[in-house]
2 protein chains.
Amino acid sequence: MSEILRQQIEKITPLTDKEFEYILSHFTRKKIKKHQYLLQEGEAVQNDYFVTKGLLKAYYVNQDGKEHIMQFAMEDWWITDYQAYFNETNATLNIDCIEASEVLCLSLRNREKLCADMHKIEHFFRKKSNAGYVALQRRILSLLNSNAKERYEQLLQQYPLLFQRVPKTLIASYLGVSRETLSRLSS
Amino acid sequence: MSEILRQQIEKITPLTDKEFEYILSHFTRKKIKKHQYLLQEGEAVQNDYFVTKGLLKAYYVNQDGKEHIMQFAMEDWWITDYQAYFNETNATLNIDCIEASEVLCLSLRNREKLCADMHKIEHFFRKKSNAGYVALQRRILSLLNSNAKERYEQLLQQYPLLFQRVPKTLIASYLGVSRETLSRLSS
DNA sequence: TTCTTAATGTGATTTATATCACACCAAACT
DNA sequence: AGTTTGGTGTGATATAAATCACATTAAGAA
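Residues numbered from 1 in each chain as written. Chains lettered and ligands numbered in written order. Predicted model: local features only at pLDDT ≥ 70, side-chain atom pairs only at ≥ 80, totals over all residues. Heavy atoms only, no water.

Student: I keep staring at the overall build of chain A and nothing clicks. Help me out?
Tutor: Tallying secondary structure elements over chain A gives nine helices and six strands in all. In summary, chain A has a C-alpha radius of gyration of 17 Å against a globular reference of 16 Å for 187 residues, a match within 12%. Dimensions along the principal axes, computed over C-alpha positions, put chain A at roughly 55 × 30 × 30 Å. About 9,200 Å² of surface is accessible on chain A, with carbon and sulfur atoms providing 48% of the total. A distance of 4 Å separates the average location of the 26 positive side-chain charges in chain A from that of its 23 negative side-chain charges. (Helix = DSSP H or I, 4+ residues; strand = E, 2+ residues; numbered from the N terminus. Rg over C-alpha atoms; globule rule 2.2 N^0.38 Å. Areas by Shrake-Rupley, 256 points an atom, 1.4 Å probe, with all protein chains shown as cover. Lys, Arg positive; Asp, Glu negative; His and termini not counted. Charge placed at Lys NZ, Arg CZ, Asp CG, Glu CD.)

Student: It is not clear to me how the relation of the copies chain A and chain B should be interpreted in this structure. Could you clarify?
Tutor: One copy of the chain maps onto the other through a rotation about an axis followed by a shift along the same axis. Mapping chain A onto chain B calls for a rotation angle of 180° and an axial translation of 0.0 Å; the resulting RMSD is 0.0 Å. Such values leave the two copies arranged in the relation of a two-fold axis. When the interface residues of chain A are mapped onto chain B, 97% of them again fall at the interface, so both copies present the same face. (Least-squares fit on C-alpha atoms with pLDDT ≥ 70 in both. Contact = heavy atoms within 4.5 Å.)

Student: Looking at this structure, how should I read unusual backbone geometry?
Tutor: Negative phi values dominate among residues other than glycine, just as trans dominates among peptide bonds. Residues and elements named next belong to chain A. Here Glu88, not a glycine, exhibits a phi torsion of approximately 55°, which is positive. Positionally, Glu88 belongs in the loop between helix H3 (82-87) and strand S6 (94-107). Given the relative accessible area of 65%, Glu88 is considered exposed. (Buried < 20%, exposed > 50% of the residue type's maximum accessible area, 1.4 Å probe, protein only.)

Student: Sorry, what's going on with the interface of chain A and chain B here?
Tutor: It is common to report an interface's size as the accessible area lost on association of the parts. In this assembly, 37 residues from chain A lie in contact with 36 residues from chain B. Across the contact surface, chain A and chain B share six salt bridges. Close ionic contact of A:Arg126 with B:Glu112 constitutes a salt bridge, the shortest N to O distance being 2.8 Å. Put simply, chain A and chain B have 21 residue pairs in polar contact (both at pLDDT 80 or more) between them. When contributions to the side of chain A that touches chain B are tallied by element, the ones reaching two or more residues are strand S4 (67-74), H3, helix H4 (108-117), helix H5 (119-145) and helix H8 (168-175) of chain A. Grouping the amino acids of the side of chain A that touches chain B by side-chain chemistry returns 18 nonpolar, 12 polar and seven charged. (Salt bridge = Lys/Arg side-chain N within 4 Å of Asp/Glu carboxyl O. Polar contact = N/O pair within 3.5 Å; in protein donor to acceptor, adjacent residues only side chain to side chain. Nonpolar A, V, L, I, M, F, W, Y, C, P; charged D, E, K, R; others polar.)

Student: How should I be thinking about the environment of B:Phe86 in this particular structure?
Tutor: Take B:Phe86: it is sitting in helix H3 (residues 82-87). On a C-alpha basis, the gap between B:Phe86 and B:Asp117 in space is 19 Å, while along the polypeptide they are 31 residues apart. Apart from the residues within four sequence positions on either side, B:Phe86 is in contact with A:Asn130, A:Val134, B:Leu108 and B:Arg111.

Student: Could you clarify how one ought to interpret the pattern of salt bridges in this entry?
Tutor: If you walk through the whole model with that rule in mind, you get 24 salt bridges over all chains. A salt bridge links A:Lys127 to B:Glu112, with the shortest nitrogen-to-oxygen separation between them at 3.3 Å. Placement of the pair is A:Lys127 in helix H5 and B:Glu112 in helix H4 (residues 108-117), with the two residues belonging to separate chains. Residue A:Lys127 is classed as partly exposed on the basis of its relative accessible area, which comes to 28%. Ionic pairing is found between B:Asp117 and B:Lys113, a salt bridge with its closest N-O pair at 3.6 Å. Here the residue B:Asp117 and the residue B:Lys113 both occupy positions in helix H4, the gap between them amounting to four residues, near one helical turn.

Student: What am I meant to see in the protein's contact with DNA strand C here?
Tutor: In the vicinity of DNA strand C lie 18 residues, with A:Lys168, A:Arg179, A:Arg184, B:Ala148 and B:Thr181 positioned nearest. Counting only atoms of DNA strand C within 4 Å of the protein, the sugar-phosphate share comes to 41%. A distance of 3.0 Å separates a phosphate oxygen of DNA strand C from a polar side-chain atom of B:Ser178. Contact between DNA strand C and B:Glu180: a base nitrogen at 3.2 Å from a side-chain N or O atom of the residue. Taken together, the elements giving at least two residues each to the surface near DNA strand C come down to H8 and helix H9 (179-186) of chain A together with helix H9 (179-186) of chain B. Grouping the constituent residues of the surface near DNA strand C by class yields three nonpolar, seven polar and eight charged. (Near = heavy atom within 4 Å.)

So this is what it looks like as structure tokens:
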């Protein structure tokens, strides 16, 4: 269902049916099974992904094989390796499915074309990017200022829905704590 | 000197003299002395600030009175409390001058007006915001994945100019390490 | 069902970093 | 010139969290 994308855009700017149809024509659809990769480290990053169904994670794997989760994405969220996507370099992140998912794929070329053609859409993406920037600043502040327990509680409060779907092990990896420490905090 | 702003914009999109003059008319100038506040916690956030001269820091002060630096800004950088600026809420960050500074001030109203009037400028701000988002992701990854020493070395490599101007104590506060630990690392 | 894999809890130990305390020096005021 | 303030180094100690190790349970796969 692409209605969910339309709704997201319309929270920022109204669209006619024609306009939305035009926008949507720049996306392709993709279904991914559980545990399947959407993106692997070292590959070129083809797309930004808008999630219409399911749940994914983008994560970095370091030299020791430890995973650090950059972001989750469920319905109505966007996900990709943005550094690589915007700069057209190879991915340093992996993205794979926590649950079977469906996404709408937007290549950088189509994104830029849409933005050039429709001032509205450039406005939409600017607003989304600003909101994303602010969200990351909050996360940084949380990392700088709070200990493991506080970060856990903040996340729980901010994204309660996530907890019903994401195993604690992955929450730990997102928070930058070991799964053992997180386990001890909950109790 | 506002030429520095023009150069920054022209890295993304070319401008005529008229266009730049029009853009600049939406900014006001401000000079700030060393140690003076540009913004204090609890205030309304009037502007986003483009630095033409000097060096500033934006930081959060927690319940215990400990400072955590969200960002620095020197010539050619932007700085404000973005969460509060974009959402028109009161500041949770403080901004003050490390060196005597000069800034160009852009209110949210003028920013939105410029973006609505000139597609070019909306494009510029979208690009800047995207780049900012990517930079914050890098910082998060650094916080998740690296210890104090590694983070220090990464920062040193990424912003070598900063080190000649910012005391180590503040670098520590940006990295999320105590000044004592940072001091021991350097040696 | 049985087998394997993923998720979780919990003890014992180690380690990175924070905290406390004090000394020293350089810069800025007055 | 003298006095305050800001920046820095370094020892001793405390603490949050990582790591290692093992047990338990739940969930998928054959």
